[in-house]
Amino acid sequence: MMKHTSGAANIVQRLNHRIEQAKVLGFEIRTEWLDGMESTWCELGGTKILFLDLSKSAVEQLDQVEQAIAWSQQQTTERTSVPSSRAA
């Protein structure tokens, strides 16, 4: 018998997975009740901190984590890319 996963449970699983990915990328995760205020991430003293707003839905939190991961991956790509040059 197959076990079906509800949409909400799937979102929470995805959120938890992405939070773990963010931690691997060096983010410290802080959960705060921000009451819908703009929540984001910042870098303090070389530590990337991601603030998750507990007043938001799991879908909104997932979106926030994914944005932070995308930013981190873009920064890594920009730091490691070397411009190509042609020999004259």
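Asks: Pulling in residues and values, what's your account of the nonpolar core?
Replies: Of all hydrophobic cores here, the largest spans 11 residues; its members are L15, I19, A22, F27, L50, L52, L62, V65, A68, I69 and W71. Residue assignment for this core shows that the elements contributing at least two residues are α1 (7-24), β3 (47-53) and α2 (58-80). Sequence-distant contacts of I69, that is, excluding residues within four places in its chain, are made with R18, Q21, A22 and L25.

Asks: I'd love a proper account of the pattern of salt bridges, names of residues and values included.
Replies: According to the stated counting rule, one finds 3 salt bridges in the structure shown. Salt-bridge contacts for K23 lead to E20; the nearest nitrogen and oxygen are separated by 3.5 Å. On the criterion of helical spacing, the pair formed by K23 and E20 is a turn pair, its members being 3 residues apart in helix α1. Of the charged contacts, one joins R30 and E32 as a salt bridge, the two residues approaching to 2.8 Å between their closest N and O atoms.

Asks: Tell me about the packing of α1 against α2, and please be specific about residues and values.
Replies: α2 packs onto α1 with a crossing angle of 25 degrees between their chain directions and a minimal axis gap of 9 Å. When the axis of α1 is compared with that of α2, the two are roughly parallel. Between α1 and α2 the crossing geometry is left-handed. Along the contact surface, α1 presents I11, V12, R14, L15, R18, I19, Q21 and A22, while α2 presents A58, V59, Q61, L62, V65, E66 and I69. The residue makeup of the contact of α1 with α2, split by class, is 10 nonpolar, 2 polar and 3 charged.

Asks: Any details on α1? Residues and values, ideally.
Replies: Between its terminal C-alpha atoms α1 stretches 26 Å, which fits the 26 Å expected from 18 residues at 1.5 Å a residue. Among all positions of α1, only I11, L15, I19 and A22 are buried. Taken end-on, α1 shows its buried residues confined to a sector of 75 degrees, consistent with a single buried face. Buried-residue contacts for α1 involve β1 (27-32), β3 and α2. Where α1 terminates, the next one or two residues include G26, which has phi positive at roughly 100 degrees.

Asks: Help me get a handle on the environment of T47, residues and values and all.
Replies: Within the element layout of this structure, T47 appears in strand β3. For the pair T47 and G26, spaced 21 residues apart in the sequence, the C-alpha separation amounts to 7.4 Å. Each residue touching T47, except ones within four places of it in the same chain, is listed here: E28 and C42.

Asks: Residues and numbers for the environment of E43, please.
Replies: Tracing the backbone shows E43 in strand β2 (residues 41-44). Beyond its immediate stretch of four places on either side in the chain, E43 contacts K48 and W71.

Cut-offs applied
Residues numbered from 1 in each chain as written. Predicted model: local features only at pLDDT ≥ 70, side-chain atom pairs only at ≥ 80, totals over all residues. Heavy atoms only, no water. Core = buried A, V, L, I, M, F, W, Y, C linked by side-chain atoms within 4.5 Å. Buried < 20%, exposed > 50% of the residue type's maximum accessible area, 1.4 Å probe, protein only. Helix = DSSP H or I, 4+ residues; strand = E, 2+ residues; numbered from the N terminus. Contact = heavy atoms within 4.5 Å. Salt bridge = Lys/Arg side-chain N within 4 Å of Asp/Glu carboxyl O. Axes fitted to C-alpha atoms, helices over the stretch in contact; angles between N-to-C directions. Parallel < 35°, antiparallel > 145°, perpendicular 65-115°, else oblique. Left-handed = near helix turned anticlockwise from the far one by under 90°. Nonpolar A, V, L, I, M, F, W, Y, C, P; charged D, E, K, R; others polar. Expected span 1.5 Å × (residues − 1). Arc of directions from axis to C-beta.

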